[in-house]
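# Commentary on secondary and tertiary structure
What follows is each chain in one-letter form.
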Amino acid sequence: MIYLDYQATTPLAPEARDAMLRWLDGPDGKGFGNPHSSHRMGRMAAAAIEAARDKVAALFPPGGKVIFTGGATEALNLAIRGSGSDGTVSYSAIEHSAVGDTAQAAGKAHVLNVSKEGQCTTKQDVPADVRLIAVMQVNNEIGAIQPTIDWHRKAKENNALFLVDAVQAYGKMEVTSADMIAVSAHKFHGPKGVGALWVRDGVELTEQQTGGSQEGLRSGTLSPALIAGFGAAAELAKERMAEDAEHVEALWHRARNMFDDWELNGSADARYRGNLNLRKDGIDVARLMSDVRDVMFSAGSACASGSGRPSHVLKAIGLSDAQAKSSIRLGFGRYTTLEDLELAARKLIAAAKEQGI
C-alpha cells in the first residue's frame, strides 16, 4: 500500500515510538506510574511530562504556556468556550468543524469569507462586539496558508483574542503569533490521542472540564507515554524541519507535473506543499478509490468522509457541488518516497482514463 493521506494522520516516527515504550512498561519496567502521584514512580512520570512539555513549547512562540489535551478538538473547545461568552466569535469559512461547530454552539458566530484561492484576508469587517477571531494557519483540505500575522494585528485593533488552529503547520513551519494556538501530535509523526493548547501569558481562560484540574485548566490523568511521544516528535520536527520542507517541495513539483491536466484547488503559491488537492471534472471519485485500493488518498477531509456532503472548504472557494465531489486530496511528507509517489500517480491517472475522463 502507498500512503498519501498525510493531512488525515501521519506515520508514527520511530523516535516517538521509542520514547513512548518506557512509559508503557508494566511491573518489571516500572514505567506505568500516575504522573499525579507523589511517590517516586509518579514523580518520574511527571518529570517525563515536563521534559516533553519543554520540547513541545520549543516550536511555539516565546511567552506562553503549553496545556496538554486529548487532541486539537479539545484544545479548540477550551480556547473558544473558555475565553468567554459575551460577544461574537468570527472564524474563516474554511475552518475545521472543531472551530466552526464550536463557535456556533458557544454563542454568537460570524463567518469570514475566503477568496477562490482559499485566502481569508483582513479586507473585511468583523462585528463590533467581536471577542475572538479564529483563522487557521494552514487549511487541512487545500493547504492554503493564511495571513495570520495580519489577523492577529486586526484582532488586537478590535480588542479581541486571536486563535489559530495550527494542526497542519506545527512541526512543518514556524508557528504564527497568536493569543492561543491548538495542535495535535498525530499530524506530525506523533501519537494519536494527545494535543496541546498554547496560551499566551496574560490570557485568562476558564476551566471547561472539571474533576481534578491536573493541567490547571484541564482535568484528567495525563498519559506519560503519549506526551513523551509528542515531545519526541516535536524535537525531531525541529531538528529536520528544513530537510522535511525540501523533500516535500520536491515531491510537490513531481506530482504536480504528473497531474498536469488536473485542476488545482486553492493557491499554488500560498500553500503548504505537502497538500495536493486536485479536480478532474466529471470523475467518479468513489469509483477511483475502489479501483485504486492500494493507494491511500482522500476525497475530502477525514472528519467528514462518508457524510455524502460536498466539502465546505471547496464550496467556500466557489466550487459547485459537482466540482467539489470531483476532487481528491493527496497528502505526502517525510516518509513518502519519490518512487511511491510516482507509482501512485500513474495508478490514479490510469484509473481516471478508464472512466473516460
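What you see is a predicted model; the values in this text were computed from it and never measured.

Moving on, we come to the domain arrangement of the protein chain. The domain boundaries assigned to the protein chain delineate domain 1 (2-7 + 241-355) and domain 2 (64-221). With 24 residues of domain 1 at the contact, the number on the domain 2 side is 25 residues. Buried area between domain 1 and domain 2, both sides added, is near 2100 Å², and the carbon and sulfur share of it is 55%. At the junction of domain 1 with domain 2, the criterion picks out zero salt bridges. Taken together, the links from domain 1 to domain 2 amount to eleven residue pairs in polar contact (both at pLDDT 80 or more). Sorting the residues of the side of domain 1 that touches domain 2 by element identifies strand 10 (275-279) and helix 9 (312-316) as the ones contributing at least two each. The element best represented in the side of domain 1 that touches domain 2 is helix 9, accounting for four residues. Partitioned by chemical class, the residues of the side of domain 1 that touches domain 2 number eleven nonpolar, ten polar and three charged.

With that settled, the discussion passes to the packing of aromatic side chains. Using the criterion set out here, one finds seven aromatic pairs in the structure. With a centroid separation of 5.1 Å and 40° between ring planes, the pair formed by F60 and Y170 is classed as tilted. One end of the pair, F60, is in the loop between helix 2 (40-57) and strand 2 (64-69); the other, Y170, is in the loop between strand 6 (161-165) and strand 7 (180-184), with 110 residues separating them in the sequence. The exposure classification of F60 matches that of Y170, with both residues buried. Between the aromatic rings of F259 and W262, the centroid separation amounts to 5.3 Å while the plane-to-plane angle is 85°, which identifies the pairing as edge-to-face. For the pair F259 and W262, a shared accessibility class is recorded, and that class is buried. Taken together, the aromatic side chains of F60, F68, Y170, F188, W198 and F230 make up a single cluster linked through ring pairs.

Attention now goes to the side chain of R53. You can see R53 is positioned in helix 2. On the basis of relative accessibility, which here comes to 14%, the residue R53 falls in the buried class. With sequence-adjacent residues up to four places away left out, R53 is seen in contact with V66, I67, F68 and E215.

Sheet analysis places strand 3 (residues 88-92) next to strand 4 (residues 108-112), joined by five bridges and oriented parallel. Bridge pairing in strand 4 links Y91 to V111. In this fold, strand 3 hands off to helix 4 (residues 97-106), which returns the chain to strand 4; that crossover is right-handed.

As for its position among the elements, Q124 is in the loop between strand 4 and strand 5 (130-134). With relative accessibility at 16%, the residue Q124 sits in the buried group. A polar contact is formed between the side chain of Q124 and the backbone nitrogen of N113, at a distance of 2.9 Å. Apart from residues no more than four positions distant in its own chain, Q124 is found in contact with L112, N113, W151 and K154.

Glancing now at the sheet that holds strand 9 (residues 263-264). Strand pairing in a sheet takes place through backbone hydrogen bonds and is either antiparallel or parallel in direction. Here three strands make up an open sheet; going across it, the order is 9-10-12 and the pairing antiparallel. Edge strands, defined here as strands with exactly one partner in the open sheet, are strand 9 and strand 12 (327-331). In this structure, strand 9 lies alongside strand 10, joined through two bridges in antiparallel fashion. For E263, the partnering residue across the bridge sits in strand 10 and is R279.

This part takes up the packing of helix 7 (residues 241-258) against helix 11 (residues 338-354). Look at helix 7 against helix 11: their axes get within 10 Å of each other, and the N-to-C directions meet at 20°. Taken together, the axes of helix 7 and helix 11 are roughly parallel relative to one another. Helix 7 and helix 11 meet at a crossing whose hand is right-handed. Mapping the contact onto sequence places L251, R254, A255 and M258 in helix 7 and L338, L341, E342, A345, R346 and I349 in helix 11. Of the residues belonging to the contact of helix 7 with helix 11, the class tally is seven nonpolar, no polar and three charged.

Calculation notes
Residues numbered from 1 in each chain as written. Predicted model: local features only at pLDDT ≥ 70, side-chain atom pairs only at ≥ 80, totals over all residues. Heavy atoms only, no water. Domains from an automatic or database assignment. Contact = heavy atoms within 4.5 Å. Buried area = accessible area lost by both parts, 1.4 Å probe. Salt bridge = Lys/Arg side-chain N within 4 Å of Asp/Glu carboxyl O. Polar contact = N/O pair within 3.5 Å; in protein donor to acceptor, adjacent residues only side chain to side chain. Helix = DSSP H or I, 4+ residues; strand = E, 2+ residues; numbered from the N terminus. Nonpolar A, V, L, I, M, F, W, Y, C, P; charged D, E, K, R; others polar. Phe/Tyr/Trp six-rings, centres within 6.5 Å; stacked < 30°, edge-to-face > 60°. Buried < 20%, exposed > 50% of the residue type's maximum accessible area, 1.4 Å probe, protein only. Pairing = 2+ DSSP bridges. Right-handed = clockwise from strand over helix to strand, strands pointing away. Axes fitted to C-alpha atoms, helices over the stretch in contact; angles between N-to-C directions. Parallel < 35°, antiparallel > 145°, perpendicular 65-115°, else oblique. Left-handed = near helix turned anticlockwise from the far one by under 90°.

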